[in-house]
Amino acid sequence: MTKVYGTGVYDFKRHRVAEYPVEITQQIVDRPPEQTPGSNLPSSITLNEIQRDRLTTIAAANWLKSGESVPHKPFDPQLVKEIYETELVVKGGRKTVPLQRVMILEVSQYLENYLWPNFDPEAASFEHIMSMILMINEKFRENVAAWLCFYDRKDAFKGFLERILLLKEQGRSLSIAEKTNYLLFMINAFQSLEDEVVSETVLKLASLQCWHSLSFGRFQMELCLNMDLIKKWKRMIKKEAKEATKRGGPFDPSTMVEVKFLRNLIEEFLEVLGSNVFTTEHDGDENGGVDNSYSFDSVDDACLLYCERFMEFLIDLLSQLPTRRYLRPLVADVAVVAKCHLSALYTHEKGKLFAQLVDLLQFYEGFEINDHVGTQLNDDEVLQFHYDRLSSFQLLAFKKMPKLRELALANIGAIHKRADLSKKLSVLSSEELRDLVCCKLKLVSKEDPWSERVDFLIEVLVSFFEKHQSQKEAINALPLYPNEHIMWDESLVPSINYSGEGCLALPKLNLQFLTLHDYLLRNFNLFRLESTYEIREDIQEAVPHLLAHMNNEGETAFRGWSRMAVPIKDFKITEVKQPNIGEVKPSSVTADVVFSISSYKAHIRSEWNALKEHDVLFLLSIRPAFDPLTQEEASQASVPQRLGLQYVRGCEIIEIRDEEGTLMNDFTGRIKRDEWKPPKGELRTVTVALDTAQYHMDVTDIAEKGAEDIYGTFNILMRRKPKENNFKAILESIRDLMNETCIVPDWLHNIFLGYGNPSAAQWTNMPDLLDTVDFKDTFLDSEHLRDSFADYKVFFINQDGTENSNPVPPFRIRIPRTMKGNTHALPGNKKSNIDPINDNGFEKEELVVEAYVPPDPGPYPQDKPKQNSVRFTPTQIGAIISGIQPGLTMVVGPPGTGKTDTAVQILNVLYHNCPSQRTLIITHSNQALNDLFEKIMQRDVPARYLLRLGQGEQELATDLDFSRQGRVNSMLVRRLELLSEVERLAKSLQLPEDVGYTCETAGYFWLLHVYSRWEEFLASCAENKNKTTFVRDRFPFKEFFNNTPQPVFTGESFEKDMWAAKGCFRHLKTMFQELEECRAFELLKSTADRANYLMTKQAKIVAMTCTHAALKRKDFLQLGFKYDNLLMEESAQILEIETFIPMLLQRQEDGHARLKRCILIGDHHQLPPVVKNMAFQKYSHMDQSLFTRFVRLGIPYIELNAQGRARPSIARLYNWRYRDLGDLPYVKEEAIFHKANAGFSYEYQLVDVPDYLGRGESAPSPWFYQNEGEAEYVVSVYMYMRLLGYPANKISILTTYNGQKFLIRDVINRRCVPYDFIGPPSKVTTVDKFQGQQNDFILLSLVRTRFVGHLRDVRRLVVAMSRARLGLYVFCRRSLFEQCYELQPTFQLLLRRPDRLGLNLNETTPFTVRDVEDTGPISFVSGVEEMGGIINFKLHQVYQARVPHHLNPYSGYMEGGSPYMGAPEDINRPTLANGTHEDAPPESTANEVTEMEGLENSQKNEADSEVLADVNDETKMEDNLVK
């Protein structure tokens, strides 16, 4: 049976790889890196520098593995010590390691080849362990597999982790940088709890044993609050005492690492915070003494980073239940939050990030959860707990503290605020306070030196008893639109150059979450900040074009113009509604904004005129400095200061009107379609809804602080691209979910949060299973079924239970109980060793399969069901069985393994087995949804039950319209067709034809005349079975069916004719059933009502993208949308929150979720969701999909194991990444996969590209990497293929960077487009954008020559290698990529072949009889120049054939031997950083589109087609290129 895998230590590799920008102040190539001024960023050193570097020399002599097998020196511990002390230790500053030196060591595999193989847990030195810590931290920083190399020696790895825990007890004091590196390692270890060895070691540190270090009072209090723990504590003490007796020593908990480790770390942090953060100044006094006083102006950056990292460490531990449970009392006992609040750093300007982290720690310390049970506390429980605590305190005060009599008698509402409570407590003396806090309440130990401070004691008391704002209140009070304060706060929304060296005040998405509220809150904050980053980028792009300046009147004026921003003529707030009951913010605030579009050209005007209801706009207040900033001032100024930007506020459009006040773009039905007129004039008035929470905050500031009236200063209105402007609806959806309860199905709840049995939601553990499944057309024949159940002895029976010796599909299968029991999850690092066929000598179990004859569907061709033709593999059958049963099904689909076919068959079988259930299909992209939909339409699911929502339905390659409007129209047309058929039926029965007037009359006609006649006919047939012609003679509807292609009745036998008669009646029954379904569309008159009915009642399979689901959730809830099953394709490419929302598009039924099945299909070994800001991707793991998280948690999944896309030899380049990926018979047997690629010696090859014109990679701007040599080489090979006759639409050019994509397009435009017989290829795009697509031939440029860059992410490599079917040619710098540890399996295969391009110049057509293993005579190309010469020669041949030599205008040019031949009018114009020419029209750079759409339309023809009609129109070419 199908293997179902769960993950273990080997399966999940961390592979989020980030790149960091180049900010090189001065590049001096001749100096070694450590002497290069201003080049301390990683990307600023070249490969030559690395090769000349001292560390590289040491590596080559001691551990570097290269192609030449040079013997290495024996291991030398002294060398490790020397490298650590001279290269890896930093002295002060904010950096904890010299990043370049660490990168060079990590790239050279210092850890894998030297430190780890020679690690001895007993003998390893301090420097050896610290070096390993630094290497592991660097791997985490670059997000590559960190623990991978340790699994060959698990015991030694455990010893390594234990040595780390004891590192501080070895008598050596660590520097502050070493402490920070140590702490960072602990953070990384606690973020890797899915790793068995790591979690086993580090979880002990946060176990119940750490309560030995609690103060006695706190210990008593915690045990009283959790009585169940008393037994557990006693058992633990008993066990520890036994172990101590065995060792022969007394039982002393304080000697155990687990007891003191975290407490010691916290105390060490408090010491650094209290005495080391601010530098000490030594001033001589008058008596010659020395005054050691702290300078609060000077902050030690290294200590500051340590404090920030420590806050991050505690936040991580408190935000996951396994570590939170026993650690929270320890954090409260030491009063970490209170001490941080009172520290000087908390209020210091440099401590802003630290203060934000402290607030986040405080939030998690008081999180609304029962730590020991793990259940979420609702608002009532939190409030009750608060009241109980405060009333107990009042009782204590009344009994024991006369001074607090006023507090004791006050009502709770008068004392639960911070200010009131502080005032009431101020009457106590310091001794009384200390006695109250330390002795009576036992909140802090009396031994704590801070207990002498009154402010500390009051802070502890107040923070313990004050009423905290609930999570729900907090999220409801939060503005959805970002303002200028959040946008440019680097600790919340870091700029793009986040290097991973510091921490941020951001939540993290890791394996587990405390509660659903915690999950939603983290996602809400991250999604809000990610959209804030994108809005900030848009503002920084649009505002400079306006050229704002101050005019002579002192008012802001604008010299320039911007496509996305327009000056405001008038702004006024029109209405502020009263707050809702229980709220303070207004219920709504509306305003009118007037602007003019007179300065725009027609196409930009149309964009502004297209604004509609619910679009989000931004109001900006720009006030530039009167005098322009000098260059020095501009370099030091913040972005808002440079732009003159004062305020930013978001708003949502309610309506838009033209100059005459006529409503535009109305979709509410207020303006009828036939009354629509084009907008008049140039002024537009937009009525907008402002954010009420933000408005309330602004008005409060004006009233209380005398702040400026923001709403009187707006002078710019900015819009954004519609596709990128969906953030508000998604944030509202998350906020709405926060305000709901019991939102996830019970069977999914624990798994979703990351707790409990990982296989609890697998179908084998679910109730209400389908015992017998009708597989319809899943199996093509009986042999196919036997192959699919090779573990079983298949026994075929007929419908009556007798044995069937000649079975034919369709089949019904009784799912055996043993199948349910045996389909268990395997640990990810193991494969099953059990032979299921003959386990322990027992015979195979019997699988009973019923072969049945389906009823005759009817006499017409359209009645015949569509049949599946895919021969599913046994694994795919396993996925289908799992998918149709209740529960969670996860299917990992490697490239080319038929994920979509499997998904479609699940839907098909599910529809036929559960016809009353409704299924929701979600995908990431419109393209994937359309692919899925087109295949569903080819199966036996009636088109009337299919619905496609969203914007992508126009792209469906079908004549049918599956949008809501299209389906409504289709139903109305179908109604008329059916009613005319009813009239024809009535006529054939000699009845009046008016019975077909409406669906209602047709229904009566069915009951009174059709069904009654059929019953009479059946009754008479029962008495006349011996008459062969009886059915033919007496069938009541014979005249109606006289238009069938074949005669319905033969009269040969009663049984045959009766079978046909039943088929005819089934046709009639289906017809009247359809009419009954059309009746609602007859009764409902408005288009909207009909469309809503269709979506909520009629459609059985509803498809949409995840974005559409998030945008329209509120509408779905209002309409009462319901569904039972959810199938999600591309689920490894969808953001976690965008996967979660589609599960919750319906209201609960009686407090329970209706969802029965959740089927996730994806591939976590390919690229993750796109997150634009590197910090959110890298620090917060926002790019982790729900699918990937489930795989990490060990939830069982089925991995499809046979690919049918690529040649087996090409598939080997990436199939090592999967468990057991083989090839379908098709790719082994089909002739196309056995023939060589004409003109090439090999079907895949790595081509080494040296420096071209003295240069390798270049970066005109950060991350905009280009490599001219590779671009020219790739285009030359493409031209070579086209000149041989390869079709352009079968070739795609891929690259790993946008900069290279633009450069290649530019070279194609210059060298290929002018020739009608060459033209552009199918696509020139990035690897990331090409995910999910394929082509016969792929030319891949890897660009980088200094550092491997983001291709180190193995997932990107898998995508890059798996796009080609027949030919893959990789152009890169061999010496760089062959050393990369993560990419070794692929590059070792590639490098078994020569690294110079091998051509077969004897072949001159795209067809060859040569076998793929036969290289033929090989001509190796030495480089770019020689390839250019080959192209010129071939071009020369083409022109010789086309034009007589004396008429050929290019002959002289060719004979001159120029290495690159362009068109005669070709001009080598410089390329800008975005890939366009300097003289390109301004509109062309406004939008970056990933595909060469303008060029693509010309490639639908085969080889030698006329590619472009107008070759000489260069401007047209450039427009197309930029498109």
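For the structure, see preceding data.
Below, the discussion takes up empty space enclosed by the protein. Scanning the entire structure with this criterion turns up 13 cavities of 30 Å³ or more. Taken as a whole, the largest cavity holds about 420 Å³ of empty space. If you go around the largest cavity, you meet 30 residues; those closest to its centre are Arg141, Leu184, Asn188, Arg309 and Gly500. Contributions of two or more residues to the lining of the largest cavity are made by helix H4 (99–107), helix H6 (126–141), helix H8 (176–190) and helix H13 (301–318). When the residues that make up the lining of the largest cavity are grouped by side-chain class, the tally is 10 nonpolar, 10 polar and 10 charged.

On to the sheet that holds strand E18 (residues 887–892). Strand order in the open sheet formed by 7 strands is E20-E21-E19-E22-E23-E18-E24, and the pairing between neighbours is parallel. Unpaired on one side and paired on the other, strand E20 (946–948) and strand E24 (1198–1199) mark the two borders of the sheet. Summarising the sheet, E20 and strand E21 (residues 1101–1105) pair through 3 bridges and their orientation is parallel. Note that in E21 the partner of Leu947 across the bridge is Val1102.

This part is about a positive patch on the surface. Residues Lys1025, Lys1062, Arg1066 and Lys1069 make up a contiguous surface patch of positive charge. When you line up the elements, Arg1066 lands in helix H41 (residues 1054–1083).

Moving on, we get to unusual backbone geometry. The linkage connecting Pro809 with the following residue, Pro810, adopts the cis geometry, with an omega of 5°. Note that Pro810 resides in the loop between strand E14 (792–797) and strand E15 (811–814). Of note, Lys442 is a non-glycine position whose phi angle comes to about 60°, a positive value. Mapped onto the elements of the fold, Lys442 is located in the loop between helix H22 (430–440) and helix H23 (454–465). Here the phi dihedral of Asp768 falls at roughly 55°; this positive angle occurs in a residue that is not glycine.

Within the fold, Glu365 resides in helix H17 (residues 352–365). Buried charged residue Glu365 carries no salt bridge. Nearest counter-charge: Arg328, at 5.2 Å. When sequence neighbours within four positions are dropped, the list of residues in contact with Glu365 reads Leu318, Arg324, Arg328, Val331, Ala332 and Val337.

One key point about sheets: their strands pair by backbone hydrogen bonds, in either a parallel or an antiparallel sense. The strand order E13-E15-E17-E14 describes an open sheet built from 4 strands, whose pairing is mixed. Every other strand in the sheet has two partners, leaving strand E13 (772–774) and E14 as the edge strands with one partner each. Pairwise comparison of adjacent strand axes, ignoring direction, gives a mean angle of 25° for this sheet. As judged from the 3 bridges shared by E15 and strand E17 (residues 845–851), these two strands associate in the antiparallel manner. Following the sheet pairing, Ile813 is matched in E17 by Val849.

A separate point is the environment of Phe1240. Turning to its location among the elements, Phe1240 is positioned in the loop between helix H49 (1225–1229) and strand E27 (1244–1248). Taking the C-alpha atoms as reference points, Phe1240 and Asn1402, 162 residues apart in sequence, are found 10.0 Å from one another. Residues contacting Phe1240, with those up to four places away along its chain left out, are Val1277, Tyr1280, Met1281, Tyr1286, Tyr1369, Leu1397, Gly1398, Leu1399, Asn1400, Glu1403 and Arg1410.

What counts as what
- Residues numbered from 1 in each chain as written.
- Predicted model: local features only at pLDDT ≥ 70, side-chain atom pairs only at ≥ 80, totals over all residues.
- Heavy atoms only, no water.
- 1 Å grid on protein atoms, 1.4 Å probe; cavity = no way out; pocket = protein on both sides within 12 Å on 5 of 7 lines; lining within 4 Å.
- Points joined across faces, edges and corners; volume = space filled by probe spheres on them.
- Helix = DSSP H or I, 4+ residues; strand = E, 2+ residues; numbered from the N terminus.
- Nonpolar A, V, L, I, M, F, W, Y, C, P; charged D, E, K, R; others polar.
- Pairing = 2+ DSSP bridges.
- Patch = residues over 30% accessible without salt bridge, like charges linked within 9 Å, V, L, I, M, F, W, Y side chains within 5 Å.
- Areas by Shrake-Rupley, 256 points an atom, 1.4 Å probe, with all protein chains shown as cover.
- Salt bridge = Lys/Arg side-chain N within 4 Å of Asp/Glu carboxyl O.
- Lys, Arg positive; Asp, Glu negative; His and termini not counted.
- Charge placed at Lys NZ, Arg CZ, Asp CG, Glu CD.
- Buried < 20%, exposed > 50% of the residue type's maximum accessible area, 1.4 Å probe, protein only.
- Contact = heavy atoms within 4.5 Å.
- Axes fitted to C-alpha atoms, helices over the stretch in contact; angles between N-to-C directions.

In short, shape yes, function no, at least from these values alone.
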